[in-house]
Amino acid sequence: MDDIQESFRSFVDKTLALQGGAPINKFSLKCGDRHDEVHVDHWINNALEHGVSELHLRLTDVMRCHFPSNVFVSKTMAKLTLGTEISIVRVPSVTSLPAVLKTLFLDSVWFDKREFSDVFLAGCPALEDLTIDQKSFPGLPNVVSSKTIRRLTIVYTCAHDVDWFRAVALDTPSLVSLFYSTYARHRYRRHCNLDSLIKATLDLHFLENVKCGEPFGPNVTNLIYGIRNVKILHLTSSAAECQGSDNEMKHISHFLLKRECLQLVHVNFSETIVDSKKVQLTEDLFKLPSASS
């Protein structure tokens, strides 16, 4: 066994032993697959037994397909981070993270599409802040369903599975803030429930020359309809670069007229536009009608 690995294990064991019976407020563990699951799971369970309130796990082990079941039934955790590049085949059916858990951060974790919302999120009845930072790790959840989430961040930069994960549904009636950065999907399910949304940032990327079995065309109509009550909307340069064409102005005008609650919209201009043109476009945008004016 590598001396460094043994030294690390000894250090963690001694550190946890020194804790005695005192509670642990925050426990962060980052390690790779050089440490066997028995040791790692023992450390995690030790922290849980000490009533940890913040648990941050970033275990870069491609062979790991689960976390200790105690992680999913803790009665003391307020914040939980799970990662990194791990595929969770099954979430314990007894998952119950009651009123204490408010913040959940998922760092490149794949879940079975039914397990994620139907079991995991369903077992978090007080969750308010959810971040799904999938990066380029395949497997963005098809459904995010929660009655309590107020802030949602989704970041996904994997392009090669866009054709496989075509439909996305956001059933989050209490959501007030959304940051959504990913490739535009083939469709967004009609029942996107975002009625409480106040602020949204859309950073939609569009693929070119996609090769697949049938024509692929991103359609964000239902997503746009879902954010109809938003008051502050930020469209990043990936989502909208305005060149100032008549057609673009027509679409922007149509969009504004459909957003009765919208108070502020930020449109990025293409970097190729000269300053004088930007001034003219700014004046033109201010002249556009809006439903809330």
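See the structure printed just above.
Our subject in this report is the structure included herewith. (Residues numbered from 1 in each chain as written. Predicted model: local features only at pLDDT ≥ 70, side-chain atom pairs only at ≥ 80, totals over all residues. Heavy atoms only, no water.)

**Some thoughts on the overall build of the protein**
Put simply, the rule reads: Where helices and strands are cited, they refer to DSSP runs of H or I of at least four residues and of E of at least two residues respectively, numbered from the N terminus. Only protein chains enter the accessibility calculation, which uses a 1.4 Å probe. A residue is then buried if its area is under 20% of the maximum for its type, exposed if over 50%, and partly exposed in between. For this analysis, residues touch if any pair of their heavy atoms sits within 4.5 Å. In this description, accessible areas are obtained by the Shrake-Rupley approach with a 1.4 Å probe, and a residue is regarded as covered only by the protein chains that are shown.
Assigned secondary structure in the protein consists of six helices and 14 strands. Within the protein, the fraction of its 293 residues that count as buried is 43%. Within the protein, contacts between residues at least 6 apart in sequence are counted, and of these 63% link residues at least 24 apart. Counting every atom, the protein has about 15,300 Å² of accessible surface; 53% of that belongs to carbon and sulfur.

**Section: helix 2 (residues 37–49)**
Threshold: Helix span, as expected, comes to 1.5 Å for every residue beyond the first.
Taking 1.5 Å of rise per residue, 13 residues should cover 18 Å, and helix 2 covers 18 Å from first to last C-alpha, within 8% of that figure. Within the span of helix 2, buried status applies to V40, D41, W43, I44, N46, A47 and L48. Contacts from the buried residues of helix 2 go to helix 1 (3–18), strand 1 (26–32) and strand 2 (54–60). Positioned one or two residues after helix 2, G51 has a phi angle of 70 degrees, which is positive.

**Some thoughts on the environment of S117**
The condition that has to hold: Identification of polar contacts relies on pairs of N or O atoms within 3.5 Å, with a donor-acceptor requirement for protein atoms, meaning one able to donate a hydrogen and the other able to accept it, and with residues adjacent in sequence counted only if both atoms are side-chain atoms.
Mapped onto the fold, S117 is located in helix 3 (residues 113–120). Contacts of S117, omitting those with residues within four sequence positions, involve A122, V143, V144 and S145. A distance of 3.2 Å separates a polar side-chain atom of S117 from the backbone nitrogen of S145.

**Let's talk about the pattern of salt bridges**
To keep things clear, this is the line we draw: The salt bridge definition used is simple: a Lys or Arg side-chain nitrogen within 4 Å of an Asp or Glu carboxyl oxygen.
Throughout the structure, instances matching the rule amount to eight salt bridges. Between E128 and K102 there is a salt bridge; the shortest N-O distance is 3.9 Å. Placement of the pair is E128 in the loop between helix 3 and strand 5 (129–135) and K102 in the loop between strand 3 (79–88) and strand 4 (103–111), with a sequence separation of 26 residues. Ionic pairing is found between D107 and K135, a salt bridge with its closest N-O pair at 2.8 Å. Placement of D107 in strand 4 and of K135 in strand 5 is noted, with a sequence separation of 28 residues between them. The exposure class assigned to D107 is buried, which follows from its relative accessible area of 6%. You can call K135 partly exposed: its relative accessible area is 35%.

**Remarks on the side chain of T172**
In this fold, T172 is placed in the loop between strand 8 (167–171) and strand 9 (177–183). A residue is classified by how much of its surface remains accessible, and T172, at 0% relative accessible area, is buried. When neighbours within four sequence positions are excluded, T172 is seen to be in contact with V144, S146, N193 and L194.

**Section: the pairing of strand 7 (residues 151–156)**
The criterion, for reference: In this description, strands pair whenever DSSP reports at least two bridges between them.
Bridge count for strand 5 against strand 7 is six bridges, and the pairing is parallel. In the strand pairing of strand 7, D133 is matched with V155. Two elements, strand 7 and strand 9, share five bridges in a ladder whose sense is parallel. Its bridge partner lying in strand 9, I154 is registered against Y180.

**A short note on the nonpolar core**
Cut-off, in case you're wondering: Side-chain atoms within 4.5 Å are what join buried Ala, Val, Leu, Ile, Met, Phe, Trp, Tyr and Cys residues into a set we call a nonpolar core. Boundaries of every domain are those given by an automatic assignment or by a domain database.
Counting 65 residues, the largest nonpolar core has L55, V71, F120 and L130 as its most contacted members. Ranked by the residues each element gives to this core, the list is headed by helix 2, at five residues. Counting contributing residues, this core receives three or more from each of domain 1 (23–103) and domain 2 (128–292). Those residues in contact with F120 that lie beyond four places of it in its chain are F72, L82, V91, T95, L97, L104, L106, F111 and E115.

**Notes on unusual backbone geometry**
Peptide bonds are, in most cases, trans, and in most cases residues other than glycine have a negative phi. Cis peptide bonds are those with omega within 30 degrees of zero, and the linkage from G83 to T84 qualifies with 0 degrees. Counting through the fold element by element, T84 comes out in strand 3. Even without being a glycine, E85 presents a positive backbone phi close to 55 degrees. One non-glycine residue with positive phi stands out, namely K135, at about 50 degrees.

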